[in-house]
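# Topology and contacts: notes
One letter stands for each residue in the lines below.
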Amino acid sequence: MNPARGSLLAIEHLEAAEILKILKFARGMNPDKPRPLLKGRRVLLLFYEASTRTRSSFEIAAKSLGAHTVLIQSTGSSIEKGESLLDTGYTVRALGADVIVIRHPNAGAPYVMAQHIDVPIVNAGDGLHEHPSQALLDAYTILRNKKSFKGLQVAIVGDIFHSRVARSACHLLSKFGVKIILCGPPELAPEIATTLAPGVRIARHIEDALRGTDVLMLLRVQTERLAGLKINLSEYVARYQMTAARLKMAKKDCIVMHPGPIIRGLELTSEVADGLQARILEEVRDGVPVRMAILARAMGKMR
Ligand code: NCD
């Protein structure tokens, strides 16, 4: 079965025109001015992984459109008893789901769902693969701050290898000709990442990544991962942590983004996280209208 119309599985295969359409529609969405576009519809949120921002913003978005939401998490549901992904999918379909929003630790899980279940599937993050709604909201935040993608340089610093946020961002930004610089130690920012999308290059030194940069995107770095890869924590901090002094190497009006959760003292200092250039909470806010647009599109209401 082909994915139901309105599904959002990845950014990689989404056309630039469609991305702009979603972003434009999102600009007309405001959770403080609810629009009953999804009145009476059921949005099922199927979360097999922890989430704060993504889950709550899909929920607020769905409710702002007049939909009912049902949250199913792996703990406290039959998933814990070993029910398969598809059997859970058939069950929520039988319950009358009109849209399924799914986050899963395995890459491709939303695709499996979309091949067997005839309702739009929205990927809320699948393993190391993609996080399309995050890339769309990041693009929305960038455009609100920079007006256009033209001539932009975006630096992505941190654990790129394990980041679905980075993967989706590279696909999206490269469709608009943005210059993308990935920066981190080789274990976290391997050379192969340059094949992800056109316009992607690697910088090993933070100065090289920051010079001429308009948008700095920081990523979560897990201390367990550093330990597993035998990367010394204090060395990581010494070379890659974003400090106010380092941020000065970027363009004066460079904005600082992070999908969250942020780890102060590791990825960035509090001075940067709470500084004037930070847009981290703005991203969280922008997630709601963007997800309203994604859900409206899923139901064929994005007109
Ligand atoms: C990210 C995710 O889950 O991929 N967070 C998010 O959705 N805002 C980033 C991360 O957890 O590192």
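Residues numbered from 1 in each chain as written. Predicted model: local features only at pLDDT ≥ 70, side-chain atom pairs only at ≥ 80, totals over all residues. Heavy atoms only, no water.

For the protein, the helix and strand inventory stands at 12 helices and 9 strands. For 303 residues, the compact-globule estimate of 2.2 N^0.38 gives 19 Å, and the protein sits close to it at 19 Å. Referenced to the eigenvectors of the C-alpha coordinate spread, the extents of the protein come out at roughly 55 × 40 × 35 Å. The buried share of the protein, taken over its 303 residues, is 55%. Pairs at least 24 residues apart make up 74% of the contacts formed inside the protein by residues separated by at least 6 positions. (Helix = DSSP H or I, 4+ residues; strand = E, 2+ residues; numbered from the N terminus. Rg over C-alpha atoms; globule rule 2.2 N^0.38 Å. Buried < 20%, exposed > 50% of the residue type's maximum accessible area, 1.4 Å probe, protein only. Contact = heavy atoms within 4.5 Å.)

Along its sequence, the protein is organised into domain 1 (16-130 + 287-298) and domain 2 (133-283). Distance between the C-alpha centres of domain 1 and domain 2: 26 Å. In this complex, domain 1 contributes 25 residues to the contact, which on the side of domain 2 involves 20 residues. Sorting the residues of domain 1 by area buried against domain 2 places Ile19, Leu128 and Glu130 first, and these three jointly supply 30% of that buried surface. Glu49 is the partner of Arg164 in a salt bridge, and the nearest nitrogen-oxygen pair spans 2.8 Å. Remark: the boundary between domain 1 and domain 2 carries 7 residue pairs in polar contact (both at pLDDT 80 or more). Taken together, the elements giving at least two residues each to the side of domain 1 that touches domain 2 come down to helix 1 (16-27), helix 2 (53-64), strand 3 (99-104), strand 4 (121-126) and helix 12 (280-298). (Domains from an automatic or database assignment. Buried area = accessible area lost by both parts, 1.4 Å probe. Salt bridge = Lys/Arg side-chain N within 4 Å of Asp/Glu carboxyl O. Polar contact = N/O pair within 3.5 Å; in protein donor to acceptor, adjacent residues only side chain to side chain.)

We now examine the packing of helix 3 (residues 85-94) against helix 4 (residues 109-116). Put simply, helix 3 and helix 4 touch, their axes get as near as 10 Å, and they point 50° apart. The angle between helix 3 and helix 4 falls in the class oblique. Judged by the sense of rotation from one axis to the other, the crossing of helix 3 with helix 4 is right-handed. Packed against helix 3, whose contacting residues are Leu85, Leu86, Gly89 and Tyr90, the element helix 4 presents Ala109, Val112, Met113 and His116 at the interface. Its residues assigned to classes, the contact of helix 3 with helix 4 shows 6 nonpolar, 2 polar and no charged. (Axes fitted to C-alpha atoms, helices over the stretch in contact; angles between N-to-C directions. Parallel < 35°, antiparallel > 145°, perpendicular 65-115°, else oblique. Left-handed = near helix turned anticlockwise from the far one by under 90°. Nonpolar A, V, L, I, M, F, W, Y, C, P; charged D, E, K, R; others polar.)

Bringing the site of the ligand into the picture now. Around the ligand, the neighbouring residues are Arg53, Thr54, Arg103, His131, Gln134, Arg164, Val165, Arg220, Pro259, Gly260 and Pro261. Arg164 has a polar side-chain atom sitting 2.7 Å from an oxygen atom of the ligand. Summarising the interface, the protein chains cover 86% of the accessible area of the ligand, which totals 320 Å² for the free molecule. Only helix 2 and helix 6 (164-174) provide two or more residues apiece to the shell around the ligand. When its residues are assigned to classes, the shell around the ligand shows 3 nonpolar, 4 polar and 4 charged. (Near = heavy atom within 4 Å. Areas by Shrake-Rupley, 256 points an atom, 1.4 Å probe, with all protein chains shown as cover.)

Moving on, we come to the nonpolar core. In terms of nonpolar packing, the biggest core is built from 64 residues, with Leu136, Phe149, Ile156, Leu172 and Leu295 touching the most fellow members. The element that contributes the greatest number of residues to this core is helix 12, accounting for 8 residues. Of the domains in this structure, domain 1 (16-130 + 287-298) and domain 2 (133-283) are the two that each give at least three residues to this core. Residues in contact with Leu172, not counting those within four places in the same chain, are Ile11, Ile19, Ala135, Leu136, Ala139 and Phe149. (Core = buried A, V, L, I, M, F, W, Y, C linked by side-chain atoms within 4.5 Å.)

Next up on the list: the packing of aromatic side chains. Evaluation of the coordinates by the stated rule reveals 2 aromatic pairs. Residues Tyr236 and Tyr240 carry aromatic rings whose centres are separated by 5.2 Å and whose planes lie at 35° to one another, so their mutual orientation is tilted. Remark: Tyr240 and Tyr236 occur in helix 9 (residues 233-240); sequence separation between them is 4 residues, near one turn of the helix. Each member of the pair, Tyr236 as well as Tyr240, is classed as buried. One Lys or Arg, Arg291, reaches over the ring of Phe58 and ends 5.0 Å from the middle of that ring. (Phe/Tyr/Trp six-rings, centres within 6.5 Å; stacked < 30°, edge-to-face > 60°. Lys NZ or Arg CZ within 6 Å of the ring centre and 35° of its normal.)

What follows deals with the sheet that holds strand 1 (residues 42-47). Strand pairing in a sheet takes place through backbone hydrogen bonds and is either antiparallel or parallel in direction. Spatially, 2-1-3-4 is the arrangement adopted by the 4 strands of the open sheet, whose pairing is parallel. The sheet is open, and its two borders are formed by strand 2 (68-73) and strand 4, each paired with just one other strand. Strand-to-strand twist across the sheet, computed as the mean angle between neighbouring axes with direction ignored, equals 15°. In this sheet, strand 4 lies alongside strand 3 in parallel orientation, the contact comprising 4 bridges. In the sheet register, Ile102 faces strand 4, and the bridge partner there is Asn123. Sheet contacts for helix 3: strand 1, strand 2 and strand 3; angle to strand 3, the most-contacted strand, approximately 155°. (Pairing = 2+ DSSP bridges.)

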